[in-house]
Amino acid sequence: MERTVDSSFDTHHRQAGGHMLTVDFDRLGVGPGVRVIDIGCGAGRHSLEAYRRGADIVAFDQNATDLADVGVMFEAMAAAGEVPEYAKAETVRGDALDLPYGDGEFDVVIASEILEHIPQDEQSIAELVRVLKPGGALAVTVPRWLPERVCWALSDEYHANEGGHVRIYRADELRDKITARGVRYVHQDFAHALHSPFWWLKCAVGVADDTHPAVAAYHRMLVWDMMSAPALTRTAERMLNPLIGKSVALYFTKPAVHSGAR
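An unreviewed UniProt entry annotates the chain as Methyltransferase domain-containing protein of Nocardia vinacea.

Below is the structure:
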């Protein structure tokens, strides 16, 4: 499954704190005792951050290997004293089209870089909203239209594979699909501008060619940026995010009093 951030970046993120997060946890109010589900958690960068903040986190995915790795990280964080003793974390394997939870079970629902992989996206959106409690917060991120369109134009291999991207979203189209389920749109943000040129470069030389000198050099820069978070690149990315941010993040809240069709 091709994600905004490849697995090696996720590995480095484990040492780099919250720098690679696509979702704004402060905006979502993730903290002690908040029940969170990270749907399509992948290598778990958002799940790990929720656990670090003392939340009750469910890392949910259909990939058993990814979930096993996340489970190991949960255990290592607890053993190292990196999380509050009261925080809870579990991994659950399942289908985003049929979540094994009742209505309104979660304070926060996160679906980061997952809907672009799902042909029946409206069914998955309905499930995201269903398990969110009234008054709760939903964050959905997908690849942004323009950077993604460039990737598709440069490379079929980038998206035309099993588990690959099945569509390119325009942010307003996705926002409308989600609000049609009865939640209220709150905010839009962009992230990971420095990653857009990296993926354009990979698409140009061959997605699988990690040894190409230009790709390897750019990758080293991104890892250095993640590990060091220097002011220069942080400032550059903040300025570039509105223009070429690789991901768009959309935030919603579920009305405390139900007022729309679900």
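Having seen the structure, we can now continue with the description.
Participant: I keep staring at the overall build of the chain and nothing clicks. Help me out?
Facilitator: Per the secondary structure count, the chain includes ten helices and seven strands. Burial status across the chain gives 53% buried among its 262 residues. Partitioning the intrachain contacts of the chain with sequence separation of at least 6 by distance along the chain shows that 78% fall at a separation of at least 24.

Participant: Teacher, can you tell me more about the environment of Leu67 here?
Facilitator: On the secondary structure map, Leu67 appears in helix α4 (residues 64–79). Along the sequence, Leu67 and Thr91 sit 24 residues apart, while their C-alpha atoms lie 6.0 Å from each other.

Participant: Just to check I follow, could you spell out the sheet that holds strand β2 (residues 56–61) for this structure?
Facilitator: Adjacent strands of a sheet pair through backbone hydrogen bonds, lying either parallel or antiparallel. The strand order β3-β2-β1-β4-β5-β7-β6 describes an open sheet built from seven strands, whose pairing is mixed. Edge positions in the sheet fall to β3 (88–93) and β6 (184–191), since each of these pairs with one other strand and no more. Strand after strand, the sheet turns through a mean of 15° between neighbouring axes, direction not considered. Note that β6 and strand β7 (residues 247–253) share seven bridges and pair antiparallel. Of the residues in β7, the one forming a bridge with Tyr185 is Phe252. Each of β1 (35–39), β2, β3 and β4 (106–112) touches helix α3 (residues 45–52); the most contacted strand, β2, lies at about 170° to it. Along the sheet face, helix α5 (residues 121–130) touches β1, β4 and β5 (132–143) and points at about 145° away from the line of β5.

Participant: Hey, could you run me through helix α8 (residues 195–205) in this one?
Facilitator: Residues that lie three or four places apart on an α-helix share one face, since the helix turns once every 3.6 residues. Turning to α8, its buried residues are His195, Ser196, Phe198, Trp199, Lys202 and Cys203. Buried positions in α8, seen along its axis, are confined to an arc of 160° and lie on one side of it. Gly206 sits one or two positions beyond α8 and adopts a positive phi of about 120°.

Participant: Please explain the nonpolar core as it appears in this structure.
Facilitator: Burial of nonpolar side chains together is a common tendency in soluble globular proteins. Ranked by size, the top nonpolar core spans 31 residues in total, and within it Tyr101, Val109, Leu115, Leu138 and Leu174 carry the most contacts. Those elements that provide at least two residues to this core are β1, β2, β4, α5, β5, α7 (171–179) and β7. With four residues, β5 is the single largest residue contributor to this core. Core analysis: the second largest hydrophobic core is formed by 27 residues, Leu21, Leu28, Leu48 and Met73 among them.

Reading guide: rules and limits
Residues numbered from 1 in each chain as written. Predicted model: local features only at pLDDT ≥ 70, side-chain atom pairs only at ≥ 80, totals over all residues. Heavy atoms only, no water. Helix = DSSP H or I, 4+ residues; strand = E, 2+ residues; numbered from the N terminus. Buried < 20%, exposed > 50% of the residue type's maximum accessible area, 1.4 Å probe, protein only. Contact = heavy atoms within 4.5 Å. Pairing = 2+ DSSP bridges. Axes fitted to C-alpha atoms, helices over the stretch in contact; angles between N-to-C directions. Arc of directions from axis to C-beta. Core = buried A, V, L, I, M, F, W, Y, C linked by side-chain atoms within 4.5 Å.

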